[in-house]
Amino acid sequence: MSDYAAKADDYRKQAEKKLKSLLGGFFGNKHEEAAELLEKAANNYKLAKMWPECSDMYEKLAQCYVKMDSKHEAAGALVEAAKATGKNDSVRAQNLLKQAVSIYTDMGRLNMAARQLKEIAEQNEKAGQKEEAIQFYAEAADLFETEGSNSEATKCKLKIAEFSAEMGRYSKAVELFEDAARRAVENNLLKYSARGYLLQAGICCLVYMRPDDVATKLDKYRSIDLQVRGWARAAWAGHGVA
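Just so it is clear, the structure is predicted and the values come from calculations on it, not from any experiment.

K.L.:
Can you explain the overall build of the protein? Please cite residues and give values.
P.N.:
What the protein contains, in helices and strands, is twelve helices and zero strands. The order of α-helices and β-strands along the protein, N terminus first, is α-α-α-α-α-α-α-α-α-α-α-α. Sorting the 242 residues of the protein into buried and exposed places 41% on the buried side. Taking all contacts inside the protein whose residues are at least 6 apart in sequence as the whole, residues at least 24 apart take part in 52%. Accessible surface, the protein as shown: approximately 13000 Å² in total, 50% of it carbon and sulfur.

Below you can see the structure in the form of structure tokens.
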């Protein structure tokens, strides 16, 4: 462990020396050399489990890549910095991921941006911050849809539906569960998931709708998935819905 730390410190000092020479007006391949040294320092700090130092090296590596106009590599370094710092500082980790999202978005790499937004949402979910999680799941879903990654978009929307139901926003949850069901029946591999989504929508309906309105919903769900009839009658039997 100490060997990794010592090697990391050595690589860091070499990198800092290279970067200082750049400030003095020397150019050439110094950025590339500094980037290589910073990456080695980061990797060794990772092996030594020195997470704050590891994160700092990746962040400096990202800055170096920006100066080299290597945007994809810069975003990747920011993601690695976020992974390291997330073990100690989730707020800083999310800020780093947001920087990566900005770079990926500017590059038109929307799927990559969406993945990082989803990661931010998951971090907020783990912290019990559902409002924030909803916000980032929504942003991720929008980018996934823009890129045609409808399956990933649906996963994000189902999370929003789940949290909306837990927070008493039943109408929004119903809307999202219904949308997921409609998408599922159009895909042979996913069509059997539709009745599960409709069941979840139906349970939300029971909480805030009148029996007559729930019966109308049941008719609507039959038009989405003909398999609804049997399980819906059984599930809703005690609620006065025919």
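K.L.:
Give me the lowdown on the packing of aromatic side chains, citing residues and values where you can.
P.N.:
Each aromatic ring pair is described using two quantities: the centre-to-centre distance and the angle formed by the ring planes. If you walk through the whole model with that rule in mind, you get two aromatic pairs. With 6.3 Å between their ring centres and 45 degrees between their planes, Tyr137 and Phe163 make a pair best called tilted. Note that Tyr137 is positioned in helix α7 (residues 130–146) and Phe163 in helix α8 (residues 150–166), a separation of 26 residues in sequence. Neither residue differs from the other here; Tyr137 and Phe163 are each classed as buried. Each ring, one from Tyr170 and one from Tyr208, has its centre 6.2 Å from the other, and the planes form 15 degrees; the classification is stacked. Within this pair, whereas Tyr170 is found in helix α9 (residues 170–185), its partner Tyr208 is found in helix α10 (residues 194–208), the two being separated by 38 residues in sequence.

Cut-offs and rules
- Residues numbered from 1 in each chain as written.
- Predicted model: local features only at pLDDT ≥ 70, side-chain atom pairs only at ≥ 80, totals over all residues.
- Heavy atoms only, no water.
- Helix = DSSP H or I, 4+ residues; strand = E, 2+ residues; numbered from the N terminus.
- Buried < 20%, exposed > 50% of the residue type's maximum accessible area, 1.4 Å probe, protein only.
- Contact = heavy atoms within 4.5 Å.
- Areas by Shrake-Rupley, 256 points an atom, 1.4 Å probe, with all protein chains shown as cover.
- Phe/Tyr/Trp six-rings, centres within 6.5 Å; stacked < 30°, edge-to-face > 60°.

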